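Close look at the chain arrangement
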Amino acid sequence: MTSTARPFLNRRLAEFGTTIFAEMSALALSTGAINLGQGFPDTDGPEEVREAAVRALRDGLGNQYPPGPGVPELRTAITTHQQRRYGLSYDPDREVLVTAGATEAIAASLLALLEPGDEVIALEPYYDSYAACIAMAGGRRVPVTLRPHDGSFRLDLDELRDAVTERTRLLLINTPHNPTGTVLTREELAAIAELAVERDLLVVTDEVYEHLVFDEAEHVPLATFPGMRERTVTIGSAGKTFSFTGWKVGWVTAAPELVTAVRSAKQYLTYVASGPFQYAVAEALALPESYFTAFRDDMLVKRNLLTAGLEEAGFRVFRPSGTYFVTTDIRPLGETDGFAFCRGLPERAGVVAIPNAVFYDHREEGAPFVRFAFCKRTSVLEEAVKRLRAAL
């Protein structure tokens, strides 16, 4: 290899390196530990949805390039879902774009809507791809930190308002929120909407956990608030709702001008993807309400199992109102460094978790917090809890 005076990786991405998920999953493999780090289920979703994918393959549906915006059946199913659930009406031909998972939807949205130097406000801690995608678009991320309050992580609306400057272009909102499990309330969302309208801001909302909301919480799309439909890019995904994360089927719904902009970027990323799976997801979105209720109820049982076990093991637990992650505080265990704790946990207890600090710009804010995933089989969670109790 020839030498060069300049690093091979461009400076926008130099700070990121290998993701923590790759590191911790490799630790799980090398130690035989139970992987409660990365957020993927260990069982497949509904058999009828899997069979729909097989049928599409056999019938030659999607085996060649599907249409750039997505197959018509899926775009129609997405608009039906948004109308039935939230009263949001979208034109399947002009206001829907199918993507290679929600991650591509985020990347394409930010690449399309940002100019170099634009500021993007994101709720910290944030899904790690947010920072990388903002950097690739040449934007500047401005974190607003969710902080512990009365057993959950809450947004300080005054801090959010103060973060907006003349250079702010976009708010990047995630609710239900990964990794904290916070679900923004109707009142919080109304305040965000008022701020966006007042300061003429675009908003990208990551709502992939919309069907995993527990207890008294409710998911309310930001696009339903006054003045928001025309300035909001809403992102959804099949992976989290139907437990087929490897299919990589996500989508964007937005006003025609916004969808056109996002599609202009997306066409030079994957162009198209997941052809046969798009037909299967169209059928999945039409499943009866009983599926969505049973899916949520199953995850609720698993949440309660894991949170109770973590408390018994000595963690301080922030019981999530949404997603399939639970954040814990390790300070009651006499620990303060989440990185060191998680790197040692596979050998110590045979369990893998993720240090929340990787989701922060302000690493010290996230230092004592550790995230576990409960989207696993009950027997796996029971064994993980048993190991943690014994070791800690």
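- Named according to an unreviewed UniProt entry, the chain is Probable N-succinyldiaminopimelate aminotransferase DapC originating from Streptomyces caelestis.
- Taken verbatim from the UniProt record of the chain, the Subcellular location (unreviewed entry) comment is "Cytoplasm".
- Word for word, the UniProt comment on the chain under Cofactor (unreviewed entry) is "pyridoxal 5'-phosphate".

Some thoughts on the overall build of the chain
- Counting its secondary structure elements, the chain contains 14 helices and 15 strands.
- Rg of the C-alpha trace for the chain: 21 Å, near the compact-globule value of 21 Å for 392 residues, within the 12% margin.
- With the principal axes as the frame, the chain shows a C-alpha extent of 60 × 55 × 50 Å.
- Counting across all 392 residues of the chain, residues that qualify as buried make up 56%.
- Put simply, 75% of the contacts in the chain that link residues at least 6 apart link residues at least 24 apart.
- Accessible surface for the chain amounts to roughly 16400 Å². Of this, 50% is attributable to carbon and sulfur atoms.
- Computed over 40 positive and 52 negative side-chain charges, the separation of the two mean positions in the chain equals 4 Å.

Some words on the pairing of strand β10 (residues 250-253)
- Of the two faces of β10, the one lined by Gly250 and Val252 and the one lined by Trp251 and Thr253 are each fully buried.
- Relative to β10, strand β9 (residues 232-237) runs antiparallel, the two sharing four bridges. Of the residues in β10, the one forming a bridge with Ile235 is Val252.

Examining the sheet that holds strand β11 (residues 316-318)
- Pairing is antiparallel in the open sheet, where four strands are placed in the order β11-β12-β15-β14. Only two strands of the sheet have a single partner each, and these edge strands are β11 and β14 (354-355).

Considering the sheet that holds β10
- Taking strand neighbours across the sheet as the criterion, the seven strands line up as β2-β10-β9-β8-β7-β3-β4 in an open arrangement whose pairing is mixed. Two strands close off the open sheet at either side, each with one partner strand: β2 (96-99) and β4 (140-145). Across the sheet, the mean angle separating the axes of adjacent strands is 20° when strand polarity is ignored.
- Pairing between strand β8 (residues 202-206) and β9: four bridges, direction parallel.

Quick notes on the packing of helix α4 (residues 101-113) against helix α5 (residues 128-136)
- It is at 8 Å that the axes of α4 and α5 come closest, and there the two elements cross at 30°. Judged by the inter-axis angle, α4 sits roughly parallel to α5. For the pair α4 and α5, the crossing hand works out as right-handed. Between α4 and α5, the residues in contact are Thr103, Ile106, Ala107, Leu110 and Leu111 and Ser129, Tyr130, Cys133, Ile134 and Met136, respectively.
- Its residues assigned to classes, the contact of α4 with α5 shows eight nonpolar, two polar and no charged.

Observations concerning α5
- With respect to burial, α5 is a largely interior element, seven of its nine residues being buried.
- Buried-residue contacts for α5 involve α4, β3 (119-124), β4, β7 (168-174) and β8.
- Directly beyond the C-terminal end of α5, a positive phi value near 85° is found at Gly138.

A closer look at the packing of aromatic side chains
- Summed over the entire model, instances satisfying the criterion amount to 18 aromatic pairs.
- With 5.3 Å between their ring centres and 75° between their planes, Tyr291 and Phe292 make a pair best called edge-to-face.
- Here Tyr291 falls in the buried class, since its relative accessible area comes to 17%.
- With centroids separated by 5.4 Å and ring planes inclined at 70°, the aromatic side chains of Tyr324 and Phe325 adopt a geometry described as edge-to-face.
- A relative accessible area of 0% places Tyr324 in the buried class.
- Since its relative accessible area comes to 1%, Phe325 is described here as buried.

Remarks on the side chain of Thr307
- Examined against the element boundaries, Thr307 turns out to sit in helix α11 (residues 289-313).
- Every residue in contact with Thr307, bar those within four places of it in the chain, is listed here: Val317, Arg319, Pro320 and Val326.

Considering unusual backbone geometry
- In this structure, Pro125 follows Glu124 across a cis peptide bond, with omega equal to 5°.
- Secondary-structure assignment places Pro125 in the loop between β3 and α5.
- Look at the link from Thr175 to Pro176: it is a cis peptide, with omega at -10°.
- Positionally, Pro176 belongs in the loop between β7 and α7 (186-198).

Quick notes on the domain arrangement of the chain
- Entries for the chain in the domain assignment read domain 1 (16-44 + 290-391) and domain 2 (47-286).
- Centre-to-centre separation of domain 1 and domain 2, based on C-alpha positions: 25 Å.
- On the side of domain 2, 40 residues touch domain 1, which itself brings 33 residues to the contact.
- In total, domain 1 and domain 2 occlude about 3300 Å² of area from one another, counting both sides; carbon and sulfur atoms represent 60% of this.

Reading guide: rules and limits
- Residues numbered from 1 in each chain as written.
- Predicted model: local features only at pLDDT ≥ 70, side-chain atom pairs only at ≥ 80, totals over all residues.
- Heavy atoms only, no water.
- UniProt positions renumbered as here; feature names shortened; annotations may be inferred.
- Helix = DSSP H or I, 4+ residues; strand = E, 2+ residues; numbered from the N terminus.
- Rg over C-alpha atoms; globule rule 2.2 N^0.38 Å.
- Buried < 20%, exposed > 50% of the residue type's maximum accessible area, 1.4 Å probe, protein only.
- Contact = heavy atoms within 4.5 Å.
- Areas by Shrake-Rupley, 256 points an atom, 1.4 Å probe, with all protein chains shown as cover.
- Lys, Arg positive; Asp, Glu negative; His and termini not counted.
- Charge placed at Lys NZ, Arg CZ, Asp CG, Glu CD.
- Pairing = 2+ DSSP bridges.
- Axes fitted to C-alpha atoms, helices over the stretch in contact; angles between N-to-C directions.
- Parallel < 35°, antiparallel > 145°, perpendicular 65-115°, else oblique.
- Left-handed = near helix turned anticlockwise from the far one by under 90°.
- Nonpolar A, V, L, I, M, F, W, Y, C, P; charged D, E, K, R; others polar.
- Phe/Tyr/Trp six-rings, centres within 6.5 Å; stacked < 30°, edge-to-face > 60°.
- Domains from an automatic or database assignment.
- Buried area = accessible area lost by both parts, 1.4 Å probe.

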